[in-house]
Amino acid sequence: MAKKGKTARTAGEQRLGAEEDACIDFDTYFGLDDEGFEPRRLDLHAILLAGERKTRTSFVLAREAAQISALIEAPPRDGERVEMISGRLGFSSMAVIDYVARRDPVELLSVATFNISRKRMCALESLHRRGLVRDARIVTSDVKAGRDRYCREACARMGWRFDEVKNHAKLILMRTEGGARHCVRTSSNLNENPRIETYTWDNDAEIYDFYSQLFDALREMRG
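Conventions used here
- Sequence order as written defines residue numbering, which begins from 1 separately in each chain.
- Totals for whole chains, interfaces and linings use every residue, but because this is a predicted model, local features are given only for residues with pLDDT of at least 70 and side-chain atom pairs only at 80 or more, for both listing and counting.
- With hydrogens and water stripped out, all remaining heavy atoms of the structure feed into the side-chain values.
- Type-normalised accessible area, obtained with a 1.4 Å probe on protein chains alone, sets the label of each residue: buried when under 20%, exposed when over 50%, and partly exposed for intermediate values.
- Helix and strand labels come from DSSP, where a helix needs a run of H or I of at least four residues and a strand needs a run of E of at least two; each type is numbered from the N terminus.
- Here, strands pair whenever DSSP counts at least two bridges between them.
- Between the first and last residue of a helix there are one fewer steps than residues, each counted as 1.5 Å, and that sum is the expected span.
- Here a residue-residue contact requires only that any non-hydrogen atoms of the pair lie within 4.5 Å.
- We count Lys and Arg on the positive side and Asp and Glu on the negative side, and we leave His and both chain ends out.
- We count a salt bridge whenever a side-chain nitrogen from Lys or Arg sits within 4 Å of a carboxyl oxygen from Asp or Glu.
- N or O atoms closer than or at 3.5 Å make up a polar contact, with two conditions inside protein: a donor-capable atom paired with an acceptor-capable one, and, for residues adjacent in sequence, both atoms drawn from side chains.
- For helices, the fitted axis covers only the stretch in contact; all axes are lines through C-alpha atoms, and the angles between them, taken along N-to-C directions, range from 0 to 180 degrees.
- For classification, angles of less than 35 degrees are called roughly parallel, those exceeding 145 degrees roughly antiparallel, those between 65 and 115 degrees roughly perpendicular, and all remaining angles oblique.
- When residues are grouped by polarity, Ala, Val, Leu, Ile, Met, Phe, Trp, Tyr, Cys and Pro land in nonpolar, Asp, Glu, Lys and Arg in charged, and all others, Gly among them, in polar.

Remarks on the pairing of strand β7 (residues 161–165)
- With 4 of 5 residues buried, β7 is to be regarded as a mostly interior element.
- Pairing between strand β6 (residues 133–141) and β7: 5 bridges, direction parallel. Within β7, the position partnered with I138 by the bridge is F162.

Examining helix α7 (residues 118–129)
- With 12 residues, α7 should cover 16 Å at 1.5 Å per step; its first-to-last C-alpha distance of 16 Å lies within 8% of that length.
- Where α7 is concerned, the buried positions are R120, M121, A123, L124, E125 and L127.
- Among the structural elements, α5 (61–71), α6 (93–101), β5 (106–112), β6 and α8 (149–158) are those in contact with the buried residues of α7.
- Phi turns positive one or two residues past the end of α7, at G131, with a value near 75°.

Thoughts on the side chain of S212
- Tracing the backbone through its elements, the reader meets S212 in helix α9 (residues 205–222).
- Sequence-distant contacts of S212, that is, excluding residues within four places in its chain, are made with R137 and L173.

Some thoughts on the side chain of D104
- Tracing the sequence through the fold places D104 in the loop between α6 and β5.
- R134 provides the closest opposite charge to the buried, unpaired D104, separated from it by 7.5 Å.
- A polar atom in the side chain of D104 sits 2.6 Å from the side chain of T176.
- Beyond its immediate sequence surroundings of up to four residues, D104 is in contact with T176, E177, G178 and A180.

Some remarks on the pattern of salt bridges
- A full pass over the atoms with the stated rule returns 12 salt bridges.
- Note that R149 is salt-bridged to E153, the shortest N-O span being 3.0 Å. Here E153 and R149 lie together in helix α8, a separation of 4 residues that amounts to about one turn.
- Accessibility expressed as a relative area gives 59% for R149, which makes it exposed.
- Measuring nitrogen to oxygen at the nearest pair gives 2.7 Å for the salt bridge that ties D163 to R161.
- Judged by its relative accessible area of 10%, D163 is buried.
- If you follow the salt bridges from partner to partner, you end up with R81, R185 and D202 in one network.

Overview of the packing of α6 against α7
- Close contact between α6 and α7 brings their axes to 11 Å; oriented N to C, the two are set at 10°. As far as their axial angle goes, α7 and α6 are roughly parallel. Within the contact between the two elements, α6 uses M94, I97, D98 and A101 and α7 uses R120, A123, L124 and L127.
- Each residue belonging to the contact of α6 with α7 can be placed in one class, and the counts come to 6 nonpolar, no polar and 2 charged.

What follows is the structure in C-alpha cells.
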C-alpha cells in the first residue's frame with residue numbers, strides 16, 4: 001500500500017526495474033483486482049493460524065523489491081514524499097535500499113536500527129561489491145553488545161563505520177550518485193519482515209540534513 005504526491009514519470013524511469021518485474025504476475029501475486037489492493041482470504045487465515053503452529057518462512061530480497069516496484073514507478077523525486085505500508089511477510093527496509101541502489105548507486109548509506117540480521121548484512125556486502133553502495137555508517141543497539149559480530153567484521157572489511165550505542169531509532173539515509181537525498185523513517189529494523197511495517201520516504205535535502213545530525217551525534221558518543 002502506498003500514497004504519494006506527484007506521479008509524473010519519464011518513460012525512461014518507468015522502464016527501470018523492468019527485468020525484475022517481467023516474470024511476476026502482480027495481479028495474482030498480490031491479490032489485486034480492478035478496484036485496487038485487496039487482501040487474500042488465505043492470507044487472513046494464515047494470520048489466524050500463526051499462533052497455533054510453528055512455520056518456516058523464506059524471505060527473498062528480489063521478491064520484496066518487486067513488491068515496491070508494484071507500488072511506485074520510481075523512487076521519490078526531489079521534494080516528493082511517499083507513504084508506504086508493508087503487510088505481514090511483506091517488503092523490508094533492506095528491500096528499500098536495494099530498490100534505490102539498483103537505480104541510482106548510493107554514495108553514502110546511513111542506517112540506524114535496533115538490530116541487523118546476518119542475511120541483510122550479506123545483501124549489503126553484495127551491493128558494495130557491485131559498486132551500488134559505496135560507503136556506509138551503521139548504528140545498532142548496545143542492548144546485547146557484541147551480538148552483531150559478523151556485521152562489525154563485515155563493515156571493517158569494507159571500510160564502513162559500525163557502532164553499537166543506546167539506539168532504538170529506525171532510519172535510513174541514502175545520498176546517491178544522481179544527487180538524491182533519500183530519508184526513510186520506518187518502524188522496521190534491518191532484518192526480515194514478518195510483521196506489518198510503515199515507511200515515510202522523502203527525497204529532500206533539508207530533511208536529509210536534519211536527520212544526519214543523529215548520526216553525527218552517535219559518532220561523538222562513541223568517540
